[in-house]
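Examining the three-dimensional arrangement
These are the residues of each chain, in order.
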Amino acid sequence: ITDPYFSPYSSCSSFGADPQWIDPVFLWKEGLVTKDEVDALCVKDPFICDYEWIRRTRLPFLKLAAGRFSDKTSVSDFLNENPVLRNVSRFFALRDLNENKCFRDWTIKEPDEETLFAWQFIQYEFHKQWEALHEYAASKGISILGDLPFYVSADSFDLYAYSQLFQLDQRNDPAFVAGVPPDYFSQDGQKWGNPLYNWEKMKEDHFTYWRDRMRYNLSLFDGVRIDHFRAISAYWRIPVNADTAKEGSWVKGPGKDLIDALRPLAKDKLILAEDLGIIDDDTRKLLQYSGYPGMAVLQFAFDGDPNNTHLPHMLKENTAAYTGTHDNNTLLGFCFEASEETKEEMELYLGGRDQFCEAAIRSLWMSKARLVIVPVQDLLGFGADTRINTPGKASGNWRFRITGEQMNSLNGAYWKRFNRAFGR
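In this report, the structure presented in the accompanying data block is examined. (Residues numbered from 1 in each chain as written. Predicted model: local features only at pLDDT ≥ 70, side-chain atom pairs only at ≥ 80, totals over all residues. Heavy atoms only, no water.)

**Description of the overall build of the chain**
A tally of helices and strands in the chain yields 18 helices and 10 strands. Taking 2.2 N^0.38 as the reference for a compact globule, 424 residues should give roughly 22 Å; the C-alpha atoms of the chain span a radius of gyration of 23 Å, in line with that estimate. For the chain, the spread of C-alpha atoms along the three principal axes comes to 65 × 50 × 40 Å. Sorting the 424 residues of the chain into buried and exposed places 50% on the buried side. Summarising the internal contacts of the chain: among those between residues at least 6 apart in sequence, 70% fall at separations of at least 24. Charge separation in the chain, taken as the distance between the mean sites of 49 positive and 61 negative side-chain charges, equals 3 Å. (Helix = DSSP H or I, 4+ residues; strand = E, 2+ residues; numbered from the N terminus. Rg over C-alpha atoms; globule rule 2.2 N^0.38 Å. Buried < 20%, exposed > 50% of the residue type's maximum accessible area, 1.4 Å probe, protein only. Contact = heavy atoms within 4.5 Å. Lys, Arg positive; Asp, Glu negative; His and termini not counted. Charge placed at Lys NZ, Arg CZ, Asp CG, Glu CD.)

**Some remarks on the environment of Asp222**
Mapped onto the elements of the fold, Asp222 is located in the loop between helix H9 (208-220) and strand E4 (223-226). Counting along the chain gives 76 residues from Asp222 to Gly146, while the straight-line C-alpha distance between them is 7.5 Å. Within the structure, the side chain of Asp222 is placed 2.7 Å from the backbone nitrogen of Ile144, a separation counted as a polar contact. (Polar contact = N/O pair within 3.5 Å; in protein donor to acceptor, adjacent residues only side chain to side chain.)

**Quick look at the side chain of Ser290**
Mapped onto the fold, Ser290 is located in helix H12 (residues 281-290). Of the residues examined, Ser290 reaches a relative accessible area of 5% and is grouped as buried. Once residues lying within four places of it in the same chain are set aside, the contact partners of Ser290 are Phe229, Ile259 and Arg263.

**A closer look at the sheet that holds strand E10 (residues 371-373)**
Spatially, E8-E9-E10 is the arrangement adopted by the three strands of the open sheet, whose pairing is parallel. Edge strands, defined here as strands with exactly one partner in the open sheet, are strand E8 (294-297) and E10. Averaged over all pairs of adjacent strands, the angle between strand axes in this sheet comes to 25°, irrespective of strand direction. (Pairing = 2+ DSSP bridges. Axes fitted to C-alpha atoms, helices over the stretch in contact; angles between N-to-C directions.)

**Examining the pairing of strand E2 (residues 176-180)**
Moving residue by residue along a regular strand, the side chains alternate between the two faces of the sheet. Counting buried residues along E2, four of its five residues qualify, which places the element largely inside the surrounding structure. Relative to strand E3 (residues 190-195), E2 runs antiparallel, the two sharing three bridges. Of the residues in E3, the one forming a bridge with Val177 is Pro195.

**A short note on the environment of Asp39**
For Asp39, the position within the fold is in helix H2 (residues 35-39). Judged by its relative accessible area of 35%, Asp39 falls in the partly exposed class.

**Structural notes on unusual backbone geometry**
It is generally the case that most residues other than glycine have a negative phi and that most peptide bonds are trans. The phi torsion at Glu99 lies on the positive side, around 60°, for a residue other than glycine. Structurally, Glu99 is set in the loop between helix H5 (83-97) and helix H6 (113-139). In this structure Glu99 comes out as exposed when scored by relative accessible area, which is 63%.

**Examining H9**
An ideal rise of 1.5 Å per residue puts 18 Å on 13 residues; H9 measures up with 19 Å between its terminal C-alpha atoms. Where H9 is concerned, the buried positions are Tyr209, Trp210, Arg211, Arg213, Met214, Tyr216, Asn217, Leu218 and Leu220. (Expected span 1.5 Å × (residues − 1).)

These values are about where atoms sit, not about what they do.
Quick look at the structure:
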């Protein structure tokens, strides 16, 4: 469930669904709302997600649908099968009634029946819609890789329900917060502000909270990418009152103990480790121990070092290779904005400058990497104006929206031949 800036990386719950993901058209087909009520929700700009509009209009709309839904037994049965979502529903009903204030400032402690059922219906409806979408994707041979954000928000269901599992002060406020030291993205580092986990406390019950998170995510997806894998080895701890992330320090994480706790849950599903950033030998050894594929990003490859592990010819088989992630520029934007030195390195490695993007994608298809992931913006050759996120910048992110017309402009026959040519 996304934060006030629409990012999933400071979530207000690790479990359950944000109301904005529910498709109003499904509710119309179910006879719960009218066509006019659906049309009134339409976002006018087909290229930009107007989250402010969605947040103003979606919840009242869903409450309207919930009030017309009579099959309460189905909702109750669903919550009995997913008890954590019953607790999530109660949290968001109370949050709603307390005008979205932080749970520490709530004055209303018990939800009314109507508001509580509306949030229970939201969870029920999302999971029903998601299951239908997932089954449709599977029928087309498409697997869905989910993302498991490492941290949550200080104003989250997780902190509300599991406060003993976080590093908090005597007032139950975060004593330290998460982030990273100075890196590729920021000379001051990044102070994310997420509360940190109390790993020693978590270890006492064999990481039940983390096992529940992984189990829930794997119930939704065919595989999961563990965000910020580096923090399992050691995490950057920043005093809550520090001016910048520079004032933080490395603290040992749960390491192999957490990996061992999660291992039995994966079975035949893919677990991918986001091992980017400042990576040391301990993190590399932990990744090898886990057996998870790590990540490589082509945009990090062209620094002039022939041993750069992001270069396509250096990639290991147990790797997921990306042209760029949600935190990077698009490939075309990167090529356009790169320094002259970087462009020279790319030209030497990829060939002439006229076809940088296609040559870059081809180089990953030719690599040993078992999995190659290319954002749709790069397949379509879109520029920097379609970038998803700029790390360290709070607002203006996560708004890229693609139209059906743009998707249909992809040459499926070409990419099918492309895959066959390189055995993918």
